[in-house]
Amino acid sequence: MKNVLFLILIILFCLGCTFETPTSFSEKALRDTFLNLEGKSIQFKDVIESYKGKTVLINVWASWCGDCIEAIPEEKKLKNEFSEVVFLHLSLDRDVESWKNGIERLALEGEHYFMKSGWKGDFGDFLNLNWIPRYLIVNKEGAIQLFKATKPTDQLIRQNLKK
């Protein structure tokens, strides 16, 4: 009986909790450094600012990730359906060579950057990253419109891309 009562109290407590989702990137996340395909370092703020005025679908992925690879055909459907959207891929591959080989092997179209700081860097920490793939949508004004989706089939992705 005590266990049931305890469980009910936990559920009631959690129902009262609100989990805010950010609408903008933290300063630390914006200062995190990525590599572009030419091997040049670039801060995330410069990456995201370069797409201001456009809707951006961010995909945090890795070429070794089975779920990421499985999601690519569905992502390609999204890309065909929403051709005006920027598809920004942020890789958590172990090294640059694996990242570049993965892009080529998987014929992954879009914009590509390598997350030098990895899972536990400032950008990954901001996302509270615990699973990939991870999708975010940034609107034309630069605000985060969708903070967390883990599958390209998530209806929230299509809904937010249609806005």
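Just so it is clear, the structure is predicted and the values come from calculations on it, not from any experiment.

A. Region of the structure containing the packing of aromatic side chains. A complete count under the given rule lists 8 aromatic pairs for this structure. Ring geometry for Phe25 versus Phe126: centroids 5.6 Å apart, planes at 50°, classification tilted. Within this pair, whereas Phe25 is found in the loop between α1 (2-16) and α2 (27-31), its partner Phe126 is found in helix α6 (residues 122-127), the two being separated by 101 residues in sequence. In this structure, Phe25 and Phe126 share a single accessibility class: buried. Each ring, one from Trp99 and one from Phe114, has its centre 5.6 Å from the other, and the planes form 40°; the classification is tilted. Highlighted residues: Trp99 in helix α5 (residues 96-106) and Phe114 in strand β5 (residues 111-115), separated in sequence by 15 residues. Per residue, the accessibility class of Trp99 equals that of Phe114, and both read buried. Within the aromatic cluster, the residues linked to one another by ring pairs are Phe25, Phe34, Phe44, Phe123, Phe126 and Phe147. Cation over ring: Arg94 sits above Trp64, and NZ or CZ is 4.9 Å from the ring centre. For Arg134, the ring lying beneath its charged end belongs to Phe147, and the centroid distance is 4.9 Å.

B. Focus on the pattern of salt bridges. A complete count under the given rule lists 3 salt bridges for this structure. Among the ionic pairs, Arg31 bridges to Glu27, the shortest N-O distance being 4.0 Å. Here Glu27 and Arg31 lie together in helix α2, a separation of 4 residues that amounts to about one turn. With relative accessibility at 53%, the residue Glu27 sits in the exposed group. Here Glu81 and Arg158 are joined by a salt bridge, their closest N and O atoms 2.8 Å apart. On the criterion of sequence distance, the pair formed by Glu81 in helix α4 (residues 66-81) and Arg158 in helix α7 (residues 155-161) is long-range, its members being 77 residues apart. You can call Glu81 partly exposed: its relative accessible area is 39%. Residue classification places Arg158 among the buried residues on the basis of a relative accessible area of 18%.

What counts and what doesn't
- Residues numbered from 1 in each chain as written.
- Predicted model: local features only at pLDDT ≥ 70, side-chain atom pairs only at ≥ 80, totals over all residues.
- Heavy atoms only, no water.
- Phe/Tyr/Trp six-rings, centres within 6.5 Å; stacked < 30°, edge-to-face > 60°.
- Helix = DSSP H or I, 4+ residues; strand = E, 2+ residues; numbered from the N terminus.
- Buried < 20%, exposed > 50% of the residue type's maximum accessible area, 1.4 Å probe, protein only.
- Lys NZ or Arg CZ within 6 Å of the ring centre and 35° of its normal.
- Salt bridge = Lys/Arg side-chain N within 4 Å of Asp/Glu carboxyl O.

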